[in-house]
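Geometric and topological summary
Take a look at the letters that make up each chain.
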Amino acid sequence: MTTPADDPNHPVDQARRLAAERFPDALSVVLAGSTVSGRATATSDLDLAVLVEDGGETRRETLRFEGRPVELFVHTRAGLDELFAADTASRRGVMQRMYAEGLVLAERDGAGAGLKHRAAAALREGPGALAPATVEDRRYALTDALDDLSDVTDALERLTVAGVVLDLAADLLFDHHRAWKGGGKWLPRRLLQADPDHGAALLDGYRRLCETAAPQALTAAAANILTLVGGPLREGHTRTWPGAHAPRPDPAARTGDDPDVSGTSSA
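Residues numbered from 1 in each chain as written. Predicted model: local features only at pLDDT ≥ 70, side-chain atom pairs only at ≥ 80, totals over all residues. Heavy atoms only, no water.

1. Details of the pattern of salt bridges
Selection criterion: When a carboxyl oxygen of Asp or Glu lies within 4 Å of a side-chain nitrogen of Lys or Arg, that pair is called a salt bridge. The classification of residues rests on relative accessible area computed with a 1.4 Å probe and restricted to protein chains. Under 20% of the type maximum is buried, over 50% is exposed, and intermediate values are partly exposed. Numbering goes from the N terminus for both helices and strands, where a helix is a DSSP run of H or I of at least four residues and a strand is a run of E of at least two.
Evaluation of the coordinates by the stated rule reveals 17 salt bridges. One salt bridge in this structure joins Arg 59 and Glu 57, with 3.8 Å as the shortest N-O distance. Taking the relative accessible area as the measure of exposure, Arg 59 reaches 26% and is therefore partly exposed. A salt bridge links Arg 207 to Glu 211, with the nearest nitrogen and oxygen atoms 2.9 Å apart. One end of the pair, Arg 207, and the other, Glu 211, are both in helix α9 (residues 196-212), four residues apart, so they sit about a helical turn from each other. Residue classification places Arg 207 among the partly exposed positions, given a relative accessible area of 38%. Under the relative-accessibility criterion, Glu 211 is labelled exposed at 56%. Overlapping salt bridges bring together Arg 22, Glu 57, Arg 59 and Glu 61 as one network.

Written as structure tokens, this is what we have:
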């Protein structure tokens, strides 16, 4: 890859110009994402985390700069505290990773370096553990999905159930290691970081099913993860909703479609 020194259109150089033009008074501007990690392509966007003075606006904004798409994550200190808390609760650590792994383009009074230190410490600490009842819900949902996978004959249904198995098993594995999770393209990357052996087996099993329709490798990998977290759960499992007017369970929850069960909302 070329560098800003020999290419004025290098994405890092473009990011510096954007920071100077749009946020000359920012406390900190950090470039994150594929540009910094070395995974950028010609169409990759720029991900910028921008810390502004109190009284400013916390927002996410998409724009185009010099022909390149840009995602701006603008926030005050209070706004960033809220984002850090939300990303910790979701067990994704999105903003923490942006700051910890990002490149400081501009800062005042060491604000960027201070945030990198804080974010790196949060990543090392890891997310909190799932509540025992939530783990049981996921174990039950994964057990049920594996039963469905062994019975299903329709090709589209098989692929759909396989996706549920992948998401539920991955979520349990992340929790087992108290590791940060990821969605979309980040799911396999985070899985392999959290557990190179079980994560790779789960991903390989899913790939084999997609390519050959054979579920055995995926079933075995998911079953091994279930063993790590207490084993299959069928008889004796109950799920309650507090309050006299609590909603009735959605039948979709049996196959992991309930966000409270599957934990598959995107990042």
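2. Topic: the side chain of Arg 91
Going by this rule: Whether two residues are in contact is decided by their heavy atoms: any pair within 4.5 Å suffices.
You can see Arg 91 is positioned in the loop between α3 (77-89) and α4 (94-101). Using a relative accessible area of 6% as the deciding quantity, one classes Arg 91 as buried. Once residues lying within four places of it in the same chain are set aside, the contact partners of Arg 91 are Pro 127, Gly 128, Leu 130, Asp 171, Phe 174, Asp 175, Trp 180 and Lys 181.

3. Looking at the packing of helix α6 (residues 132-151) against helix α10 (residues 216-228)
Formally: As a rule, the C-alpha atoms of each element are fitted with a line to give its axis, helices using only the stretch in contact, and angles between N-to-C directions run from 0 to 180 degrees. Put simply, angles under 35 degrees are roughly parallel, angles over 145 are roughly antiparallel, angles from 65 to 115 are roughly perpendicular, and the rest are oblique. For a crossing to be left-handed, the near helix must be turned anticlockwise from the far one by less than a right angle; the clockwise case is right-handed. In this count, Pro and Cys sit with the nonpolar residues alongside Ala, Val, Leu, Ile, Met, Phe, Trp and Tyr, while Asp, Glu, Lys and Arg are called charged and the others, Gly among them, polar.
Packing of α6 against α10 brings their axes to within 11 Å, and their N-to-C directions diverge by 160°. With respect to α10, the element α6 is oriented roughly antiparallel. Crossing geometry of α6 relative to α10 is assigned as left-handed. For the pair formed by α6 and α10, the contact residues are Arg 139, Leu 142, Thr 143, Leu 146 and Leu 149 on the first element and Leu 218, Thr 219, Ala 222, Ala 223 and Leu 226 on the second. A class-by-class count of the residues in the contact of α6 with α10 yields seven nonpolar, two polar and one charged.

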